[in-house]
Amino acid sequence: MKRLPLPDTTRLTPEQQTVHDTVVAGPRGRIGGALAFWLHRPEFADRAQNLGLYLRYDTSLPARLSELAILVTARHWGAEFEWIHAPLAKKAGTTAAAVDAIKLGNKPSFDRDDEQVVYDIAKAILTDRHIADELYAQGVAALGDAGMVDLIGILGYYCMICLTLNTFEIYPEPREPDWSSDVGVA
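Residues numbered from 1 in each chain as written. Predicted model: local features only at pLDDT ≥ 70, side-chain atom pairs only at ≥ 80, totals over all residues. Heavy atoms only, no water.

### Here we look at the layout of surface pockets
Its volume calculated, the largest pocket comes out at about 370 Å³. If you go around the largest pocket, you meet 20 residues; those closest to its centre are Arg28, Gly32, Arg56, Ile84 and His85. Looking at the lining of the largest pocket, the elements with two or more residues in it are helix H2 (33-38), helix H3 (42-57) and helix H8 (133-167). Among the elements that take part in the lining of the largest pocket, H2 stands out by supplying four residues, more than any other. The residue inventory of the lining of the largest pocket, partitioned by class, reads twelve nonpolar, four polar and four charged. (1 Å grid on protein atoms, 1.4 Å probe; cavity = no way out; pocket = protein on both sides within 12 Å on 5 of 7 lines; lining within 4 Å. Points joined across faces, edges and corners; volume = space filled by probe spheres on them. Helix = DSSP H or I, 4+ residues; strand = E, 2+ residues; numbered from the N terminus. Nonpolar A, V, L, I, M, F, W, Y, C, P; charged D, E, K, R; others polar.)

### Observations regarding the confidence of the model for the protein chain
Looking at the protein chain as a whole, its pLDDT mean stands at 90, while 91% of the residues score no less than 70. Looking at the elements of the protein chain, mean pLDDT is at its lowest for H2, recorded as 92, and at its highest for helix H7 (residues 113-128), recorded as 98. Predicted confidence is poor over residues 174-186, with pLDDT under 50, and the contacts of this stretch with residues over four places away or in other chains come to 25 contacts. (pLDDT = per-residue confidence, 0-100. Contact = heavy atoms within 4.5 Å.)

### Quick notes on the environment of Lys123
Checked against the element boundaries, Lys123 lands in helix H7. Sequence spacing of Lys123 and Thr73 is 50 residues, and the spatial spacing of their C-alpha atoms is 8.3 Å.

### Regarding H8
In this model H8 runs just 34 Å from its N-terminal to its C-terminal C-alpha over 35 residues, more than 12% under the 51 Å that 1.5 Å per residue would give. Along H8, the helix axis deviates most sharply at Leu143, where the bend reaches about 105 degrees. With its phi angle positive at about 50 degrees, Glu169 sits one or two positions after the end of H8. (Expected span 1.5 Å × (residues − 1). Bend = angle between axes of the 7 residues up to and from the residue.)

### Thoughts on the packing of helix H1 (residues 14-25) against H3
Here H1 crosses H3 at 20 degrees, and the two axes come no closer than 9 Å. As far as their axial angle goes, H3 and H1 are roughly parallel. Seen from above, H1 lies across H3 with left-handed handedness. Together, Glu15, Gln16, Val19, Thr22 and Val23 of H1 and Pro42, Ala45, Asp46 and Gln49 of H3 make up the contact between the two elements. Among the residues making up the contact of H1 with H3, the classes are represented as four nonpolar, three polar and two charged. (Axes fitted to C-alpha atoms, helices over the stretch in contact; angles between N-to-C directions. Parallel < 35°, antiparallel > 145°, perpendicular 65-115°, else oblique. Left-handed = near helix turned anticlockwise from the far one by under 90°.)

### Focus: unusual backbone geometry
Across residues other than glycine, the phi torsion is negative in most instances, and most of the peptide bonds are trans. Even without glycine at this site, Arg129 takes up a positive phi of about 60 degrees. For Arg129, the position within the fold is in the loop between H7 and H8. The phi angle at Glu169 is positive, at roughly 50 degrees, despite the residue not being glycine. Tracing the sequence through the fold places Glu169 in the segment after H8.

### Things to note about the packing of H3 against H8
Where H3 meets H8, the axes come as close as 10 Å, and the angle between the chain directions of the two elements is 140 degrees. In this view, H3 runs oblique relative to H8, as classed from their interaxial angle. The chirality of how H3 crosses H8 is left-handed. Residues Phe44, Ala48, Gln49, Leu51, Gly52, Tyr54, Leu55 and Arg56 of H3 pack against Asp150, Gly153, Ile154, Tyr157, Tyr158 and Met160 of H8. Of the residues contributing to the contact of H3 with H8, the split by class is nine nonpolar, three polar and two charged.

This is the structure:
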């Protein structure tokens, strides 16, 4: 049982309805996951969905790198629901082997240097809460200053999503996890 019920879409307040309609009319086309639960605080949901809109669709990073960062974050937090991004990552060009390795908590190998840099930066900041100077320089060389800002924004936003999913026990339906949250993270 979820800790917080989904808002009843037939009984939304005017503020909730506005956010709901904005999200559904945008590129997402629907409202679900953490965003649906954020509707309990429509002011929060509105601001968060606007940030998410930018970070998901309009950053300087190609979708392949954004989706990779999302998957590393999802794995770090053990947020099953966010694995809805696995097919998106594959479609954007991340190899199935890399996606599978991340899902299992193994260190993936990448064909492209920028993917390795994104993975290494994500792992470092999520695990060590710090990025060494050499790795930071590699990130700037691969992504540029703007790309680094966007990458850190994506990681932070998806941490917030994962915290919401885990706190309110939001799982994919039907709940059939295919990996354990206690698997070591590479």
